[in-house]
There are 4 protein chains.
Amino acid sequence: MSDRTTLLAQRLAAVRAQTLALAAPLSEADCQVQSMPDASPVKWHLAHTTWFFETFVLERFEPGFRPWHPAFRVLFNSYYQGVGDQHPRPQRGLVTRPALAEVKAWRASVDERLQALLAAPPPGQGDAIAALVELGLQHEQQHQELILADLLHLLSCNPLAPAYADAPPPAVHDAAPPGGWTRVDGGLAEIGHAGAGFAFDNETPRHRVYLRPCALADDLVTQGDWRAFMADGGYDDARWWLAAGWDWRQAQGIAAPLYWRRDGEGGWCRFTLRGLQPLDERAPVVHVSAYEADAYARWHGAQHGAPHRLPTEAEWEQAAQRAGTAAIDRARGVDAGALTPLPPSATLPAGPRQLFGEVWQWTASAYQAYPGFRAWDGAVGEYNAKFMVNQLVLRGGSCATPRSHLRTSYRNFFPPEARWQFSGLRLARDLD
Amino acid sequence: MSDRTTLLAQRLAAVRAQTLALAAPLSEADCQVQSMPDASPVKWHLAHTTWFFETFVLERFEPGFRPWHPAFRVLFNSYYQGVGDQHPRPQRGLVTRPALAEVKAWRASVDERLQALLAAPPPGQGDAIAALVELGLQHEQQHQELILADLLHLLSCNPLAPAYADAPPPAVHDAAPPGGWTRVDGGLAEIGHAGAGFAFDNETPRHRVYLRPCALADDLVTQGDWRAFMADGGYDDARWWLAAGWDWRQAQGIAAPLYWRRDGEGGWCRFTLRGLQPLDERAPVVHVSAYEADAYARWHGAQHGAPHRLPTEAEWEQAAQRAGTAAIDRARGVDAGALTPLPPSATLPAGPRQLFGEVWQWTASAYQAYPGFRAWDGAVGEYNAKFMVNQLVLRGGSCATPRSHLRTSYRNFFPPEARWQFSGLRLARDLD
Amino acid sequence: MSDRTTLLAQRLAAVRAQTLALAAPLSEADCQVQSMPDASPVKWHLAHTTWFFETFVLERFEPGFRPWHPAFRVLFNSYYQGVGDQHPRPQRGLVTRPALAEVKAWRASVDERLQALLAAPPPGQGDAIAALVELGLQHEQQHQELILADLLHLLSCNPLAPAYADAPPPAVHDAAPPGGWTRVDGGLAEIGHAGAGFAFDNETPRHRVYLRPCALADDLVTQGDWRAFMADGGYDDARWWLAAGWDWRQAQGIAAPLYWRRDGEGGWCRFTLRGLQPLDERAPVVHVSAYEADAYARWHGAQHGAPHRLPTEAEWEQAAQRAGTAAIDRARGVDAGALTPLPPSATLPAGPRQLFGEVWQWTASAYQAYPGFRAWDGAVGEYNAKFMVNQLVLRGGSCATPRSHLRTSYRNFFPPEARWQFSGLRLARDLD
Amino acid sequence: MSDRTTLLAQRLAAVRAQTLALAAPLSEADCQVQSMPDASPVKWHLAHTTWFFETFVLERFEPGFRPWHPAFRVLFNSYYQGVGDQHPRPQRGLVTRPALAEVKAWRASVDERLQALLAAPPPGQGDAIAALVELGLQHEQQHQELILADLLHLLSCNPLAPAYADAPPPAVHDAAPPGGWTRVDGGLAEIGHAGAGFAFDNETPRHRVYLRPCALADDLVTQGDWRAFMADGGYDDARWWLAAGWDWRQAQGIAAPLYWRRDGEGGWCRFTLRGLQPLDERAPVVHVSAYEADAYARWHGAQHGAPHRLPTEAEWEQAAQRAGTAAIDRARGVDAGALTPLPPSATLPAGPRQLFGEVWQWTASAYQAYPGFRAWDGAVGEYNAKFMVNQLVLRGGSCATPRSHLRTSYRNFFPPEARWQFSGLRLARDLD
C-alpha cells in the first residue's frame, strides 16, 4: 500500500469508529425513532453511510460483489435517483427491522471489505476507489453532525428532557471581552476551492468576484445579544422581518430560538445535548433560522443607526482566507466535546473570532452554482447540485462538526426556516 | 382473601403476564415505534395499562401512595380529561425514555402493590378496589388486542414484510361448506347487559327494542367473496357506496382490503402477523372499513336481486342470544393462536357461525347511547360515553380478542373508515 | 288539466318565482361568490334547481328534448353519480360564465317548457311527470333555505358587515314567559311517513319504535340561556363535550355560536341577514353545531342535578304528532319574513312551542335508514340514502324554511360540526 | 404647472384609464372572483391601485384629507405592515360589497383629487408628490399585467373555456428562421440602474460584477421546442430536475406548461386570453415555472453535448444593454394587443431577439439585494425589499406588460413554482 492509501485506510477506520462512538450512549429505541421528516433515525444514519460505501465503492469495484441484503439498496438510499428508488424519507423511522445489531454487523462487514479493497484494488482502479472512499468519509462526517442534530431534536420532544451527556458544558474561564469589527477590502477577489485536498463539487471552480468594502463583526451574535432582541420585541415587529419570515413566524408562533424554554422564573433556559442548561450570555446563540438571523441583523442596525446585515459568502470567505488555516487549527468543533457553543477565549488573536467550529453562520447568499460550476459525473453528481434553489449558504462549521471536516471554502446549505442544525450568525455592514 | 378476591388476584396475574407474553417476541425498537397517530407503540400500551392501575387504583386506595414517576401521570394518560393533561397522542412514539426495561420494572412494581392491596385492602374499600381492578383487567385485554393490531400496522410499513410469528396459519382440514341464512324474529326484544358479571357502561341498560323480522347470513363474508366483489369492479362503481365512503375511496385510492397486496402473478396475497400469506378463499375477509362492508352488502344484494345490508346491532345481538354462551365457548379468539381468521369448521352447529372470535363484524348501527344510559361516575365515565358520535358499532370479537373478553352484549366502536382493526362483516336482509 | 295538475302548475310557478324573489336584492357579484366549499353561490342554486327539472323531467319526458347547453348537465349536477360527472363542488364559485342573466333566461325557458309538459303530457306519463315535478319543487324549497344560509355566510366574511335586508327584526311584544317540560309517553309508538302527501324516501316506512317515557322542554334554548352557558365557562370545560366535539372546539378555537361577535363593550352581538343585531335574550339561539348543542345539554343538566340531553328523533316526532298540524299552521317559517328566530308569543298553546319554523333542532339520533327503508329507484335514489353516515338528524324547520315545506316526519341531516344552517336545540330528559 | 408636471398629469390620466379599459369587457362577476390565493379579483386590483394613491399621496398631502371610506384602508391594503393591518389575501374575493360601481366611483374621485393636487400642490411638496404619483403609476402598470394574468387563471377554471377576447391571435407572416447564439463578454461589467428616470429601489445601486464569457440564445424557447422536450419524456426523467422541482412535479402531477390541454386528437392546445388556441410552434412557450425552465435547459444541453442553463440576471442585462433602447422600442408588450406571445419577425436585427415584451424570462439568479442596496424609506420600502428570499429574478417583460413599463434594469421576481405569470425562458451556455 502506498503511504497515501495507508493513511486513507487509517482514516477510514477512525471515521467509521467515530460514528459508532457517537451512537454508543444510545439505546436501541433512541436509535430507532424519527422525530420529524427532516430528521432521520440514528440507526438510519448508521445504515445509510454504510449503504453509501456499499453502493458507490463495493458494488462497482469489489470482485464478486454481493450485497449484504438486496433490499437495502432501496431501503437506505437517501435521494440518489441515479441509483434507483428510495424508501420514503418520512418513513425511515418505521423500519424496526433490520435491528440495530444487524446494521452494526453490516457496517463491520463493509468496513472489512473496504479495507481489503484498499489493500488490493483491481488493477488500474486504485485512484478511483480512493477518491470514492474519500468522498464516503466526507459524507460520513456530515452524517456524524446530523446524528447529533437529529438526536437533539428527538430528545427535545420528550417531556422528561433527557440528556445525551449528563455533565454540564465546560466553563470558559478566560472569556474574551466583546470584540469590534474587522474590515474586508473591496475590489476583485477570489473564492472557491482550487488545488489539492478534498472539496465538494459545489465549492468549485475557484473564481473572481467583485466586492465592495465591508466590515465583519469579530464576535458571533451571543445568547445575551439575542435576549436583548427578544426583550425589545424583536419577534413582534414586522419591520425587521422578510415577508416570508414574518409569515413563518406568525404561522408557527415563533418567539425564541429553537430549544429555548421558559425557566419557570420569568427567564429562559435552553435544551441541549447536555439536557436543560441556563443561557450563557457570552456564548453564541444557536438554533436560529435564517429568517431570525436576518431580522436580528436589521433590528441591530436600527439600534446603531446603520444598516447591519448578514455577510455574503464571498465576504465571509475573504475573511476566512485572511484568518488562515490557523483559525481552523484553533477551532473547537465536535472534537472539543462541548456539544454546545461556548464563549470565545481571550487568547484568540484579533479579528473575527470563532469563524470555525462553534455555529454554522447564515450568510445572505442564496445557494447557487458558482460561475462555471460542473456537477460531478454520475449519481454522485446529485450530492449537491440538485439542491441549488430556495436554500441559503451557511459557513464555518459548528460544535457538532469534526474539526478535520472544517474548510474555508465549505458551503453548507439549508432552507431559511431550518433551525434544528447548529446554526447561528455573525453580522456585517457596508463600508465606503 | 375471599374466593372471589383470590380469583381476581389470579386473573390479575394471568392477564398482566399475557400482555408481556404478547410483547416477548419483539425488540426494543419494535416496541418503540408509532406507525400512525391512531396506533400506539407497544411500549406505550405496556405503560398505559400500568398507568390505569396506578392512577385509578393505587393512587386512590394505596396507603402512602407515591407514584413511580410523577411525570408518568401525564405521559401515559390516554384521554382522561378528568385526570388532567395528556401527552399528545401523535407523539407517543417519540418518547424513547423511559426505556422498555424501566416500563417493565414499573409494571412489576404496580403488579406487586396491586396484589398487596387486594390481599389487604383498607377497611370497607375491598369492593371498590375489586371493581376497579376488574375494570383495569378488561381495559388491559382491550389493549392486548390493540397491541396486535397496532403492531401489524407497524410491520406492514416495513418493505421487508417481517413477521411477528414465523409459522404459517394452521390449516383447517374440515372447513364447512357455505351456509345459508338464519331467521331473526320480529317484535319486541331485549338487548343490552343486565345482571351479574362485568359489562361496560355502554352495554347498559338492558332495554326493549322493536324489530322487524330479518335473516342473518350463517357465514362471515370470506376472502373468496371479496375477490368476486373486486373482480366485478366493486371498488369502482359509485352505485354501491355511501357518498362519504366514495369520497374516502377516491381520496385514498382504496382498491382492496388493507394489507392485501399484489402477489406478482396477477393475484393477491395478504400481509398478516405471520408475514405474507396467500388468500384463504374460505376464511373471513378482515381489515375492511365500514364503507367497504356497506358497499359489499349493497353489491351483493344487487347480484341476488334483493337488498342486502349489514345487520343492526340489535339484530346481531338477538342472534347471539339465541346461539348462547356455547358459541363463545367454541370461539377461537386469540387463545387459539392462529392470529388471523380461519374458515369455519364443519363441526359447528347450524345457524350463524363464527359470531365470536374471528373478526369484528361491522353493524349498521351508529354508536349511540342506549335509552336510559348513564355513564359511570368520575373520570372512568370518559371510558366510553364521550365517543358516541361518528362511529359505528362492531360486534363479536376477533382472532386477536381474548376468549374471556368475548360477550354477547359487547359493543366495540370505530369510525367507518377504520381498517387496521380485525374487522370484517356478516350480511343481513329483511324478511316480511 | 286536472285540478291536481292545475294546482301543481300554480305551485310550480309560485315556488320558482319565490326563488327569484329571494335573489332579487342581490347584485351579480353577491350571486357569484362561494364563501366556503360547503356553501354554494346563489347563481349556482338558481342554475342547479333548474338543472334538476331539466335533467329529471324534461330530458326524460319532453318530446324532442334538447338541452339549453350541453355542458350544463355536468356543470350544475350536484352529486348524482347516476347522471354522470359533476363539476367539483369547491369550484362552483369560479364559474363566472354563464352570466346571471343567462341563468335566469335558462330558468324562464325551463319553466315555460315544464308548464307546457304539465298541460299536455305524453300519453300515460302524466303521473310520473307530476311526481317528479313535485320532487323538483320540494328540492327547490330546500335550496331556497340554502340560498339564505349560504348568503349569510358570504356576507359574514365581509368586514363591512353588509345586510341582506336593512330593517331590524320585528319586535315580539307579547313574548311568552319561560315554559316548563312536557311529557312524552313511553311504550310502542309509530314514526315516519305514511299515506298521501309528499315525503322524501328517508321518512319511510312508517314503523314501530319502543320508547321510554321522557319530557321535552317547552322552549327552545334561547340566546340568554346560551350566554349563561358561556359565562359559566361552558366552552372551556371538557366535561361537557364529546371527545370529537372537544377536539373540534380546540382546533377551531370555538368560543361562541357562529356569527356571534364581541360588541366592543364587553358584550356580544350577532351577525344576521339583517346585519349586526344585539342579542335577543328570549329568542332561540341559532347557528350552533351538534357538538355545542350536546355540550349545552350536559352542562344544563349538571346545573339542575339531572341528566339533560337532546331528544331522539322518535321522541321529537311523538311530540310533534301530538301538537298536530295546527303547530305547523302557526309556525313562522320564512313566510313571516323575520329572517331570524324570534321569541315565542304568549298566545301559543301549552306544551312544546316553536316545534316548527324557528330553528332546526339537533336531535340525538344519527341519520340512518328506518327499518325496512328502500331508497327511490334510479338516480333520485341518491337524493338522501347515500348520506346515511356521520350525520345527525335535525327536526322542525327554521325561520328560513318555507312554511309549506314543514312536515312532522321531515328529517333534515347535517354533520355534527355544521353551524351555518339555522340550527338550534331543545332539551329532553328521561322520566321513569 | 411645469411641463414635467403636465406630462405627469397626462400620464396619470392615461394609465388610470388604461386600467379601466382592461376591465371593460368583463362582467361584475368576472371582476369579483378570486380563483386562487395568489391571484386577486379584478375589482380588488381596481380598488388597491386606488388605495395606493389615496394612502401614499392624498392622505399625506391633500389638505383636509378625508378617506372615501375609513374601512378601505385595511380592506385594500395588500401587504404594507407600515400602514397597518391588511384584509387576508385569500379572502379578497369574498368582498362583494363595495360593488364594482362604487369602486369605480372611488377611482374617479381619487383621480380628480390627484389632478387637483398635482395642479396646486402645497408649497414645497410638489416634488415629493410627483415622485409618489410616479411610483403609483408604475405600481398601477404592474397591476395591469396582474389583471390579465389573474383573469386568465380565473377563466381557465371554467370548463366552458370562455375567452377574454374572441378573435384569434394575429398571424405573424414573416416569422424569422431559428437563430443561433450571441456572445456576452467576460470581465468586469456594470448592471443596475443609475441616472435619471424611474427605477424601483431593487434595481439600485448600479454596481460592478465580474462575468465569465458566455453565450445567450437568440431565440426564446418555443412551443415547438417544448413539445420536443415533452416527447422525449422530459417531465418524467428526474435527471433534468432540481430536487425541489421534481418533488413539485410529482406532487402536482405536472406534465405540461400551465394552460396546455389535450386537444382530443392526441395533440395539445393551450388556453389563452383568446380562448383555446392551437400551439404555435414558433412562438415562445409561456406559463412555465422556473423548475420547468431549469429542467428544460439541462435536458437541452444533454441533447447537444454541452451544459446549457438559464442566464444569470447580470448576463441577461449585459445583453440587453448592448441591444439598447431600440430593443424596447421594437417590443410588442401589451400595447400590440396580441395578448399572447408571438414568433419573432424576420425583420429583427441579429443577436438576441424578443428580449422585451414577449415573455418574462426566468434567470438563474436568486432575487437578492444588490451590493450596497438600500430600501426606500418608510412604508414604500416594503415594496420590494422584504421579498428577497426564495424567489428568482425574471427579466424582459411580457405580452401583458405595458411597453412604457419595460426597462433594461427591471427585476421581476416570483417563486420558482409560479406559472400563472407570462413566464418563459431563454437559454445560456458558458464560453471559455
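Thresholds, definitions, all that
Residues numbered from 1 in each chain as written. Chains lettered and ligands numbered in written order. Predicted model: local features only at pLDDT ≥ 70, side-chain atom pairs only at ≥ 80, totals over all residues. Heavy atoms only, no water. Helix = DSSP H or I, 4+ residues; strand = E, 2+ residues; numbered from the N terminus. Rg over C-alpha atoms; globule rule 2.2 N^0.38 Å. Buried < 20%, exposed > 50% of the residue type's maximum accessible area, 1.4 Å probe, protein only. Contact = heavy atoms within 4.5 Å. Areas by Shrake-Rupley, 256 points an atom, 1.4 Å probe, with all protein chains shown as cover. Phe/Tyr/Trp six-rings, centres within 6.5 Å; stacked < 30°, edge-to-face > 60°. Least-squares fit on C-alpha atoms with pLDDT ≥ 70 in both. Salt bridge = Lys/Arg side-chain N within 4 Å of Asp/Glu carboxyl O. Buried area = accessible area lost by both parts, 1.4 Å probe. Polar contact = N/O pair within 3.5 Å; in protein donor to acceptor, adjacent residues only side chain to side chain. Nonpolar A, V, L, I, M, F, W, Y, C, P; charged D, E, K, R; others polar.

(A) Representation of the overall build of chain A. The secondary structure content of chain A amounts to 11 helices and 13 strands. Here the C-alpha atoms of chain A give a radius of gyration of 22 Å, agreeing with the 22 Å that 2.2 N^0.38 yields for 432 residues. If you line up chain A on its principal axes, its C-alpha atoms span 70 × 55 × 40 Å. Across the 432 residues that make up chain A, the buried fraction comes to 62%. Across chain A, the fraction of contacts at a sequence separation of at least 24, relative to all contacts at a separation of at least 6, is 80%. Entry remark: accessible area of chain A is about 15,900 Å², with carbon and sulfur atoms responsible for 53%.

(B) Region of interest: the packing of aromatic side chains. Under the criterion given, the structure shown has 132 aromatic pairs over all chains. Their ring planes at 15° and their centres at 5.1 Å tell us that Trp226 of chain A and Tyr296 of chain A sit as a pair that is stacked. Pair noted here: Trp226 of chain A is in helix H7 (residues 223-231) and Tyr296 of chain A is in helix H9 (residues 290-304), with a separation of 70 residues, a long-range link. For Trp226 of chain A, a relative accessible area of 0% gives the class buried. The exposure class of Tyr296 of chain A is buried, given its relative accessible area of 1%. The interplanar angle of 85° and the centroid separation of 6.3 Å between the aromatic rings of Phe52 of chain D and Tyr383 of chain D together place this pair among those described as edge-to-face. Taken together, the residues Phe52 of chain D in helix H3 (residues 42-61) and Tyr383 of chain D in the loop between strand E9 (360-366) and strand E10 (392-395) connect sequence positions 331 residues apart.

(C) Up close: the relation of the copies chain C and chain D. Its rotation angle being 180°, the transformation that places chain C on chain D also includes 0.0 Å of axial translation and leaves an RMSD of 0.0 Å. Expressed as an axis order, the relation between the two copies is that of a two-fold axis. Using C-alpha coordinates, one finds that chain C approaches the rotation axis most closely at Ala29 of chain C, a distance of 2.5 Å. Most of the interface of chain C is mirrored in chain D: 100% of its interface residues are interface residues there too.

(D) Summary view of the pattern of salt bridges. Tallied over the full model, the rule gives 96 salt bridges over all chains. Salt-bridge contacts for Arg16 of chain B lead to Asp111 of chain B; the nearest nitrogen and oxygen are separated by 2.5 Å. With Arg16 of chain B in helix H1 (residues 3-23) and Asp111 of chain B in helix H5 (residues 100-119), the pair connects residues that are 95 residues apart, well separated along the chain. Neither Arg16 of chain B nor Asp111 of chain B differs from the other in exposure class; each is buried. Salt bridges sharing common partners tie together Arg16, Arg107, Asp111 and Glu140 of chain A.

(E) Region of the structure containing the interface of chain B and chain A. Facing 28 residues of chain B, the contacting portion of chain A comprises 28 residues. Counting the surface lost from both chain B and chain A, the interface buries some 2,200 Å², and carbon and sulfur atoms represent 62% of this. Ranking the residues of chain B by area buried against chain A places Leu94, Arg97 and Leu160 of chain B at the top, with a combined share of 31%. Viewed at the interface, chain A and chain B are joined by 2 salt bridges. When the shortest N-O distance is used, the salt bridge between Arg97 of chain A and Asp30 of chain B registers 3.0 Å. Counting across the interface, chain B meets chain A through 9 residue pairs in polar contact (both at pLDDT 80 or more). Ranked by the residues each element gives to the side of chain B that touches chain A, the list is headed by helix H2 (residues 28-32) of chain B, at 4 residues. Looking at the side of chain B that touches chain A residue by residue, the classes come out as 16 nonpolar, 9 polar and 3 charged.

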